[in-house]
Structure formats: C-alpha cells, structure tokens
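Understanding the architecture of this molecule
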Number of protein chains: 2
Amino acid sequence: MRPRNGAIDQKARSFIEAARRDQIVQAAVEILSELGYAKTSFARIAEHAGISAGLISYHFDNKSDLFQQVVADINALMDGWLTEHIGDADTYREALRRLIEGFVLFCDSHRAHVLALGQLLAGVGGQENGELVRSQREQSVGQIEQMLREGQEHGEFRDFSPRFMAVTLLGSLEAIPGELFARPGTDVAAYAKELSMTYDLAVRRSRLRRITRG
Amino acid sequence: MRPRNGAIDQKARSFIEAARRDQIVQAAVEILSELGYAKTSFARIAEHAGISAGLISYHFDNKSDLFQQVVADINALMDGWLTEHIGDADTYREALRRLIEGFVLFCDSHRAHVLALGQLLAGVGGQENGELVRSQREQSVGQIEQMLREGQEHGEFRDFSPRFMAVTLLGSLEAIPGELFARPGTDVAAYAKELSMTYDLAVRRSRLRRITRG
DNA sequence: ACCTGAACACCGTTCAAGT
DNA sequence: ACCTGAACACCGTTCAAGT
C-alpha cells in the first residue's frame, strides 16, 4: 500500500522516497520563509518543486505531518550547529554563553530556516495540529533545563527553577528571528554579546555568596 | 506617564455595527483559544455567534482585518491591566517588577485571551498578513524600551541596549502563555517572582559601580 | 513503487437580493 | 444600513488510473 509516514521515527525509506521528502521539505522552507504561513499551500510548494500537489499527500500523511518534518529537520540542523558550537566548554557558565551566542549566530546565518520555523512554532492552542511541534519544543526546554540544573549542582549558578529559567531563556532566543527580520541591519555580534552577558548576570551566584570555586 | 495606546483608528460606527464587531471578535477569541488557528474559520466563528459567515465579511474587510482587531482589543485590555498594575511606582526598578509580575498575573487570569493572542502573533514572515500585528508588537517593544531607557537615564539600570533588552524581555513574557498551557498547574505567583527577580538581576547596576542613588 | 490529474468537501470573499 | 444565502476561486486530501 502506501508508505508509513510517522514523522519522527525514521522508517526505512527507499532512496527516491527520502529524496522526494527532502525536496518537499526544502521547498516548504523556502515558501514559508518567503510568503509566510498564510500563503503557503501545497499547490505553491508543489509548483516550486516542480511536482504535482498530490505527490506531497502521497509522501506525507497530511499538512501537519509535513510541517512537523520541517520543524524536525530544522531542529536537527540547529542541534548539530549548537553542539559543535558549545564544544568542550570547561564550565557550565561558558557552555551557556556559547549556547546563547551560537544560537544568535545560527539565526543570522540561517535566516530562511529560522523564519520558516517561526512561522510554524506559532501558538500552542491547537490540539491536534502541533502535537509533535510541541514535543519538539518540550525537548528544547528539557535540554536547556538540564544544562542549567547541572550548572547549579556544580555550584556555578544561583538557586532558581531550571524549568522556569529554560522557558524564559528559550523565549528570549525565539524572539531573535523576528527581530532580525524587523531590523535586518542589527549588529548581530553585539546582540549575541549582550544576550549572553544578560543571562550570565541573571543566573550567576551573587558575589557575596560565591565562596568556593573550581 | 504611560504612552497613549492608540487602540486602532476608531472609525465612527453605528451602535449596531460596534456591537456586531465586538460580538464577532469575542466569538473569534473563543474559537481561536479552543480550536487553535488552523481550525478557526469564518463558518465556525459565525456558527458560534449565531450569524451567517457573510456577515463577518460585511463588518470586516477580510480575515486579516478581523484578526488585527482581535489583537488590538486584547492588547488594549492588557494595556489597561498593566497600567493599573504598575500604578505610581516610585522607581523604574519597581515599575519593571510590577510590569513583569502584572503580565504573569494577566496571563493567568485571561488564559483564553492570551491563548488566542498566541495563535495570532505567530511569525513575522508573511508580508501583508500581519502588517498591523507587527506594528502592535513594535508598540509593545517601544513601550518597554522607553521604560528601560528612562531607568538608565535615572541611573537605576546598567548600560545595555534598551531595544535589545526590550525584545529579550518581551520574548520571555510571550513564552508564558505557552508554558501555562503546557503546565496548567504551574505556581503562577512563584513564576512571577522568579521572572521579576531574574530581570532585576539582569538590568541592575553592578554593586561596585552603584554610587549615587536618588 | 511512484506519480498525475480529476473529484470532493471546505475555505474566504463577493454579491444580488431581501428587510 | 443590515443581513442572508448562493456563487466563485482556492484549499487539503482522496483516489482511479497510468508508468
């Protein structure tokens, strides 16, 4: 029958199927970033990719399935970028700095991807629509949360709710694509420095209580 | 002391037209918050309001016009709430604290409104779609930016780009509705305290340099 | 297996027609 | 002025039919 399409678990796909899915996702990213969510349709994606609209439905269960794959692919790209950027930081404080500055640089150098992602992350109200999108976001929160918690356990960060701080930081990060779009001339390096410094001030132990170190 | 909230250019409207528009906006808020953006259609809004779908098009130029009115109305509601909550704060530091905690409380006590807003703020990529939505956001950024700049001029805050910090803070604030939706049992009062403390740490002058204080 | 194009139900918008 | 319901072009999805 038809290929099983569940977005997340990588089912074994034929060479041509994998290629088609990549092609469609790529076209979706470009249309989303150029025309925005409202004007993004299967017809336009298909036209841009030089295929029929029906073929998209053949390779993806539905619109939501396609968009979830888009989000997953961009997240994977970003994850690789950030992992490489964080590298072997000696301290959690340094890792946090690199995470933040790395994210800003990623936004700057992948504007189309990050704009498309912004179009899709949207809200969290729709129940069935963004099920997997929400779980992707939950994963991002979880990764940041864990880094913050470990930093606390190593005595580098002050006492705060890691969950709360992860949500707060992620909010600040997700505001960046919109800002770069609204003000394309933004000094990205300066923005990155300001953001990492701001969160360094927000999470560090107070001077008075910082006794032990290293 | 607060900037005027230009709540959309109020065209002279008849009593019945104003009532209909309010009714339609109200229905849109409920459908958006309950079903999410994807499932929100004129047909469903009209059914929920007990009118024909054509009547919505009669009172609003188009879908975008309706949604912009929804955003404007919710923003006006929030603006009133925050203005009252900030009140006559003695210092900018205190005003910032009240702004942040007031916003968290607003999100908690107006979940439907704030969820609907989250569905609409979405991305910034679509060119014609969210024109006024973007300008509303720009206005929010501008108001926060001005408060931060004045706080700097009064020597209460450290040296940072007010524009950058406003965008960063607004990002953290806009992450709240999603978090309250994802974790309805969140301790809202504690969240508010953590957030205001976090930004207090982020913007205050360093202990060493804080000499004068009026 | 892979892909197209027609068919279907639904969408936002328009508009002739009613009050 | 206010409102309806039919008509229109477009949407996502399905599916018979082609390779």
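Residues numbered from 1 in each chain as written. Chains lettered and ligands numbered in written order. Predicted model: local features only at pLDDT ≥ 70, side-chain atom pairs only at ≥ 80, totals over all residues. Heavy atoms only, no water.

A short note on the packing of helix 8 (residues 162–182) of chain B against helix 9 (residues 188–203) of chain B
Residue and element names in this part refer to chain B. The condition is simple: Working convention: axes come from line fits to C-alpha atoms, limited for helices to the stretch in contact. Angles between N-to-C directions cover 0 to 180 degrees. Think of it this way: any DSSP run of H or I at least four residues long counts as a helix, any run of E at least two long counts as a strand, and we number them from the N terminus. When describing relative orientation, an angle under 35 degrees is termed roughly parallel and one over 145 degrees roughly antiparallel, while 65 to 115 degrees is termed roughly perpendicular and anything else oblique. With the far helix as reference, a near helix turned anticlockwise by less than a right angle produces a left-handed crossing, and one turned clockwise produces a right-handed crossing. Here, two residues are considered to be in contact whenever any of their heavy atoms come within 4.5 Å of each other. Basically, the charged four are Asp, Glu, Lys and Arg, the nonpolar ten are Ala, Val, Leu, Ile, Met, Phe, Trp, Tyr, Cys and Pro, and anything else, Gly included, counts as polar.
Running from N to C, helix 8 and helix 9 cross one another at 165°; their axes reach a closest spacing of 12 Å. Classed by the angle they form, the pair helix 8 and helix 9 counts as roughly antiparallel. As helix 8 runs across helix 9, the sense of the crossing is right-handed. From helix 8, Met-165, Thr-168, Leu-169, Ser-172, Leu-173, Ile-176, Glu-179 and Leu-180 reach across to helix 9, where they touch Val-188, Tyr-191, Leu-195, Tyr-199, Ala-202 and Val-203. Taken together, the residues of the contact of helix 8 with helix 9 break down into 11 nonpolar, 2 polar and 1 charged.

Thoughts on the nonpolar core
Test applied: Think of a nonpolar core as a cluster: buried Ala, Val, Leu, Ile, Met, Phe, Trp, Tyr and Cys residues, connected wherever their side-chain atoms sit within 4.5 Å. A simple rule labels every residue: compare its accessible area, found with a 1.4 Å probe on the protein chains alone, to the largest value its type can have, and call it buried under 20%, exposed over 50%, or partly exposed in between.
Formed by 71 residues in total, the largest nonpolar core has its most connected members in A:Leu96, A:Ile176, A:Leu195, B:Leu96, B:Ile176 and B:Leu195. Among residues more than four places away in sequence, those in contact with A:Leu195 are A:Ile100, A:Val104, A:Ser172, A:Leu173, A:Ile176, B:Phe164 and B:Thr168. Among the nonpolar cores identified, the runner-up in size contains 24 residues, and B:Ala27, B:Leu32, B:Ile51 and B:Ile56 belong to it.

Quick word on the protein's contact with DNA strand D
Rules: Being near a molecule or strand, for a residue, means having at least one of its heavy atoms within 4 Å of it. Two N or O atoms form a polar contact when they lie within 3.5 Å of each other; inside protein one atom must be a possible hydrogen donor and the other a possible acceptor, and for residues adjacent in sequence the pair counts only when both atoms belong to side chains.
The local shell around DNA strand D holds 18 residues, among which A:Phe42, B:Ser14, B:Ile16, B:Arg20 and B:Ser52 are the closest. Among atoms of DNA strand D positioned within 4 Å of the protein, sugar and phosphate together represent 79%. Measuring from a phosphate oxygen of DNA strand D, one finds a backbone N or O atom of A:Phe42 at 2.7 Å. Measuring from a phosphate oxygen of DNA strand D, one finds a backbone N or O atom of A:Lys63 at 2.8 Å. Within the residue set of the surface near DNA strand D, elements represented by two or more residues are helix 2 (42–49) of chain A together with helix 1 (15–35) and helix 3 (53–59) of chain B. A per-element tally of the surface near DNA strand D places helix 3 of chain B first, with 4 residues. Here the residues of the surface near DNA strand D are counted per class, giving 6 nonpolar, 8 polar and 4 charged.

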